[in-house]
Amino acid sequence: MSLWIFKGDKKVKLYKRKGNLIKMHPAQILVLGFGGLILLGTFLFMLPIATYEEGRGLSFIDALFEATSAVCVTGLAVVDTGTTFTLFGEIVLLCLIQIGGWGFMTTGIFMFIILGKKIGLKERLLLQDSLNVFSLAGVVTLVKRIILITFIVELLGATALAIRWSFEMPLGKAIYYGVFHSISAFNNAGFGLEPDNLSKWVGDPTVNIAITTLFITGGIGFTVILDLWAKKSFRKLSLHSKVALLMSLFLNIVGFLIILISEYSNSATIGNLAFEDKLWASYFQGVVTRTAGFNTIDIGAMNLSSLVFMMALMFIGASSGSTGGGIKVTTFAIIVLAFWAVVTNRDNVNLFKRRIAWELVNKSLSIVVAAIFFIFLIFFLLTFTEKADMSKLLFETISAFGTVGLSANFTPELSPFGRILITIMMFIGRLGPLTMAFALLNPRKEAKVRYAEEKILIG
């Protein structure tokens, strides 16, 4: 079925509908898909069996916030996970985290594969857009490998954690804790079952190594993991994989050093810890900031210098095609390289003897501009709805945008309007600012008109 309008004597098609489906931009379909999943999670969290509070579940706003945080693998929470949710509620939370980490299109294709249904061109195109990959070829095979990698890594992580925790809790509880935290960590969600998250294991090598390995692996991205598996040599890796790995390593090292230096004498965080525990705490909090919302020290008690630096890391985020958020490390690298090319008066952006197209530079710049716009807008609105320090409001906003989930002990204090604003910010951060802009603007093909050039003074 098609809808036509008349312009003068010409008949023009307004839209084409195939069956009951109106043709939409892929970004709009992704928005609707994630939105539908969040609404489903909201409904389930509102059920009386989802929480320990007798007779009723969460309120609509709280349920929406928790569902969005889970689907967008953020980790911000307005209620304590371990004491609020029943086993049913926690399983719903885990399912939302897993589906949100994969992306609803990946999960949908996985269900198609299980049911033996044919995967058409439209589904493949949507999957390509969802996974943010260059080529349409092999996207279904990529989904199969993503699922396999996820199960293997999460199983290994759950086993290591369960063995460690079996020494201090019953075996059944240790296994459940291991599975829950492994899924939460690999998908960069940051949800924990303890009121103080992972603070009681601040100096525990096994917990620190297992959790950080899980969220670093998830934050690198599936394409990089598969590239590493296939090439087994840094020199043979794609340019994307090289940039993602090197930038992640650099930011992790810098994050560790800055937190260690800034918090070394802070008695409210790591100041009173033994030197070895200070190293573990600084390492954990330095590398977790770009991706997951776990914490082993009190974030609200950290020095302002640490919080400001953490905001920068949260804004940058993880790698493209990963379970993490932010503008992505590759986007940040391209912007820095483009800046260097401009100030050194070079015509091209080069890296590892490869030239990066200016089209990619322009897209990276658009992502950064869109990210700054959305962050400023939500932050500005929060100043009307919340009575809190500017640093806390900005930290909460950037944490939501980067789908990190760290909070300066402020999330439960958010007003109902503040919770809605942070919910919107998490949604934008998970989908990506450019995808959100595409969904809102529904861009058309550029008109084949080239206007006369004129200069504008800048700088």
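Small disclaimer: the values here were computed from a predicted structure and weren't measured.

Rules used throughout
- Residues numbered from 1 in each chain as written.
- Predicted model: local features only at pLDDT ≥ 70, side-chain atom pairs only at ≥ 80, totals over all residues.
- Heavy atoms only, no water.
- Helix = DSSP H or I, 4+ residues; strand = E, 2+ residues; numbered from the N terminus.
- Buried < 20%, exposed > 50% of the residue type's maximum accessible area, 1.4 Å probe, protein only.
- Contact = heavy atoms within 4.5 Å.
- Areas by Shrake-Rupley, 256 points an atom, 1.4 Å probe, with all protein chains shown as cover.
- Patch = residues over 30% accessible without salt bridge, like charges linked within 9 Å, V, L, I, M, F, W, Y side chains within 5 Å.
- Salt bridge = Lys/Arg side-chain N within 4 Å of Asp/Glu carboxyl O.
- Axes fitted to C-alpha atoms, helices over the stretch in contact; angles between N-to-C directions.
- Parallel < 35°, antiparallel > 145°, perpendicular 65-115°, else oblique.
- Left-handed = near helix turned anticlockwise from the far one by under 90°.
- Nonpolar A, V, L, I, M, F, W, Y, C, P; charged D, E, K, R; others polar.
- 1 Å grid on protein atoms, 1.4 Å probe; cavity = no way out; pocket = protein on both sides within 12 Å on 5 of 7 lines; lining within 4 Å.
- Points joined across faces, edges and corners; volume = space filled by probe spheres on them.
- Expected span 1.5 Å × (residues − 1).
- pLDDT = per-residue confidence, 0-100.
- Core = buried A, V, L, I, M, F, W, Y, C linked by side-chain atoms within 4.5 Å.
- Phe/Tyr/Trp six-rings, centres within 6.5 Å; stacked < 30°, edge-to-face > 60°.
- Lys NZ or Arg CZ within 6 Å of the ring centre and 35° of its normal.

Visitor: How would you summarise the overall build of the protein chain if you had to cite specific residues and measurements?
Guide: Along its length, the protein chain carries 18 helices and five strands. In the protein chain, which comprises 459 residues, the proportion classed as buried is 51%. In the protein chain, of all internal contacts separated by at least 6 residues, the share reaching a separation of at least 24 is 65%. Summed over all atoms, the accessible surface of the protein chain reaches about 23,300 Å², with 66% contributed by carbon and sulfur.

Visitor: So what's going on with a nonpolar patch on the surface? Residues and values would help.
Guide: A cluster of nonpolar side chains, contributed by F373, F376, L377, F380, L381 and F384, occupies part of the molecular surface with about 620 Å² of accessible area. Tracing the backbone through its elements, the reader meets F376 in helix 15 (residues 358-385).

Visitor: So, the side chain of S262: which residues are in play, and what are the values?
Guide: Along the chain, the position of S262 falls in helix 11 (residues 239-263). Looking at S262, the relative accessible area reads 19%, which means it is buried. Once residues within four sequence positions are removed from consideration, S262 is found in contact with N303, S305 and S306.

Visitor: Describe the pattern of salt bridges, with residues and values.
Guide: Counted according to the given criterion, the structure contains five salt bridges. Notably, a salt bridge pairs E168 with R164, separated by 2.9 Å at the nearest N-O pair. A residue is classified by how much of its surface remains accessible, and E168, at 41% relative accessible area, is partly exposed. Because the salt bridges share partners, they merge into one network encompassing R164, E168 and D204.

Visitor: Which residues make up the environment of L421, and what are the values?
Guide: By the element assignment, L421 lies in helix 17 (residues 416-431). Of the residues examined, L421 reaches a relative accessible area of 11% and is grouped as buried. Excluding residues within four positions of it along the chain, L421 makes contact with I378, L381, L382 and T385.

Visitor: Tell me about the packing of helix 11 against helix 13 (residues 304-316), residues and numbers included.
Guide: Two elements in contact, helix 11 and helix 13, have axes separated by 9 Å at closest approach and are oriented at 165 degrees. It follows that helix 11 is roughly antiparallel to helix 13 by the angle criterion. Classified by chirality, the crossing of helix 13 by helix 11 is left-handed. Touching L251, V254, G255, I258, I259, S262 and E263 of helix 11 are S305, S306, F309, M310, L313 and I316, all from helix 13. The class makeup of the residues in the contact of helix 11 with helix 13 is eight nonpolar, four polar and one charged.

Visitor: Lay out empty space enclosed by the protein with the relevant residues and their values.
Guide: Inspection of the entire model under this criterion finds two cavities of 30 Å³ or more. Here the largest cavity defines a volume of roughly 50 Å³. Along the walls of the largest cavity sit F215, I216, G219, I220, S248, N252, V287, R290, T291 and A318, which together make up its complete lining. The set of elements that each furnish at least two residues to the lining of the largest cavity consists of helix 9 (205-220) and helix 11. Take the lining of the largest cavity: its biggest share by element is four residues, from helix 9. Split by residue class, the lining of the largest cavity holds five nonpolar, four polar and one charged.

Visitor: Tell me about the packing of helix 15 against helix 17, residues and numbers included.
Guide: The N-to-C vectors of helix 15 and helix 17 enclose an angle of 170 degrees; their axes lie 9 Å apart at closest approach. One element, helix 15, and the other, helix 17, form an angle in the roughly antiparallel class. The residues of helix 17 that touch helix 15, namely those facing F374, I375, I378, L381, L382 and T385, are F417, G418, L421, I422, I424, M425 and I428. Looking at the contact of helix 15 with helix 17 residue by residue, the classes come out as eleven nonpolar, two polar and no charged.

Visitor: Tell me about helix 8 (residues 171-186), residues and numbers included.
Guide: For helix 8, built from 16 residues, the straight-helix expectation of 22 Å at 1.5 Å per residue is met to within 8% by its first-to-last C-alpha distance of 22 Å. For helix 8, the full list of buried residues reads A174, Y177, G178, F180, H181, S182, I183, S184, A185 and F186. Within two residues after helix 8, N188 carries a phi angle of roughly 60 degrees, on the positive side.

Visitor: Describe the confidence of the model for the protein chain, with residues and values.
Guide: Per-residue confidence for the protein chain gives a mean pLDDT of 84; residues scoring 70 or more make up 83%. Confidence drops under pLDDT 50 across residues 1-8; counting only partners more than four residues distant or on other chains, this segment forms 19 contacts.

Visitor: Go over the nonpolar core, please, and point to the residues and values.
Guide: Core analysis: the biggest nonpolar cluster contains 100 residues, and F45, W165, I211, F294 and F395 have the highest contact counts within it. In this structure I211 touches L161, H181, A185, L198, F284 and F294, once residues within four positions along its chain are discounted. Listed in part, the seven residues of the second largest apolar core include M247, L251, I316 and V329.

Visitor: Got a sec to walk through the packing of aromatic side chains? Specific residues and values, please.
Guide: Enumeration over the complete set of coordinates arrives at twelve aromatic pairs. Judged by centre distance (5.1 Å) and plane angle (85 degrees), the rings of F380 and F384 are edge-to-face. Of this pair, F380 and F384 both sit in helix 15, four residues apart, which is roughly one turn of the helix. Ring-pair connections join several aromatic residues into one group, and the members of that group are W165, Y177 and W201. One Lys or Arg, K242, reaches over the ring of F352 and ends 5.2 Å from the middle of that ring.

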